[in-house]
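Fold and contact review
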Amino acid sequence: MEIRFHGHACFEVIGEKGRILIDPFLSGNPTADVGPEHFTHLDAILVSHGHSDHLGDAIKLSQKTGAPIICVFELARLCAKYGANTHAMHIGGKHTFNFGTVRLTQALHGSVFEPQGEEESFIYAGVACGFLIRMDGKWIYHAGDTGLFGDMELIGRRHPLEAAILPIGDNYTMGQEEAVYAATLLRPKYLIPMHYNTFPLIQQDPQEFIELLKRKFPASKGEILAPGESLII
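Criteria and thresholds
- Residues numbered from 1 in each chain as written.
- Predicted model: local features only at pLDDT ≥ 70, side-chain atom pairs only at ≥ 80, totals over all residues.
- Heavy atoms only, no water.
- UniProt positions renumbered as here; feature names shortened; annotations may be inferred.
- Patch = residues over 30% accessible without salt bridge, like charges linked within 9 Å, V, L, I, M, F, W, Y side chains within 5 Å.
- Areas by Shrake-Rupley, 256 points an atom, 1.4 Å probe, with all protein chains shown as cover.
- Salt bridge = Lys/Arg side-chain N within 4 Å of Asp/Glu carboxyl O.
- Helix = DSSP H or I, 4+ residues; strand = E, 2+ residues; numbered from the N terminus.
- Buried < 20%, exposed > 50% of the residue type's maximum accessible area, 1.4 Å probe, protein only.
- Phe/Tyr/Trp six-rings, centres within 6.5 Å; stacked < 30°, edge-to-face > 60°.
- Pairing = 2+ DSSP bridges.
- Axes fitted to C-alpha atoms, helices over the stretch in contact; angles between N-to-C directions.

For the protein, an unreviewed UniProt entry supplies the name UPF0173 metal-dependent hydrolase Desde_1921 and the organism Desulfitobacterium dehalogenans. As recorded by UniProt, the Sequence similarities (unreviewed entry) comment attached to the protein reads in full: "Belongs to the UPF0173 family."

Some points on a nonpolar patch on the surface
A cluster of nonpolar side chains, contributed by Ile91, Tyr124 and Val127, occupies part of the molecular surface with about 280 Å² of accessible area. Relative to the helices and strands, Ile91 resides in the loop between β6 (86-89) and β7 (94-96). Overall, Ile91 belongs to the partly exposed group, its relative accessible area being 37%.

Digging into the packing of aromatic side chains
Enumeration according to the criterion identifies three aromatic pairs in this entry. With centroids separated by 5.4 Å and ring planes inclined at 50°, the aromatic side chains of Tyr82 and Phe113 adopt a geometry described as tilted. Of this pair, Tyr82 sits in the loop between α3 (73-81) and β6 while Phe113 sits in strand β9 (residues 112-113), and the two are 31 residues apart along the sequence. The partly exposed category is assigned to Tyr82, whose relative accessible area is 25%.

Re the sheet that holds strand β4 (residues 44-46)
Two strands in a sheet stick together by hydrogen bonds in their backbones, pointing the same way (parallel) or opposite ways (antiparallel). The strand order across the open sheet formed by seven strands is β6-β5-β4-β3-β2-β1-β16, and the pairing between neighbours is mixed. Strand pairing shows two members of the sheet lacking a second neighbour, β6 and β16 (230-232), which therefore form its edges. Taking the axes of each pair of neighbouring strands and ignoring which way they run, one obtains an average angle of 20° across the sheet. Sheet analysis places strand β1 (residues 2-5) next to strand β2 (residues 11-15), joined by four bridges and oriented antiparallel.

See below:
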């Protein structure tokens, strides 16, 4: 399985049975290595919540490729109104697709939908979520935007994680110390930081995070990915 980073919180996961894209904030993302025009085929688009730096180009990509947007029910209804193909789910539920299995987890964060071309008009978009994804017999966890929560231990206990993808940017999400503590609960083989350095307010040194992880929980191997780089697991 290949986990490819495209900047901010956007990851492409490629397995034997399919290709998915998570939180496709590409247009307007100063750290993105590709644009929406790069993708001609996708099996699914996973969106953790409605904020523009996560929903991003999801609707456009769904219209272009026919791939379903997998997200919570309320956000799915809103995306469908704009012509997207959707598959609605909710926290704790799982569904098996052709490419693998997706389970939605909680995430401690907000979520609104910003209608296209309608400035300062926000619509409630359900709750934010994270994703447990099983492809090629391996579980990976994309936490979405979240603060630290104790049930991460339950996630790690029930799902042997090959990789966890966690925010470290602070201010809006977990910071470095909280993400390292999350690693002790989740116990992944690999830990990939995300949601940092896109904007000045979430500036972080990822190498400091890796060094902190080595000291506090060396059982997880930290992997810094620059946009365009991949981790093969």
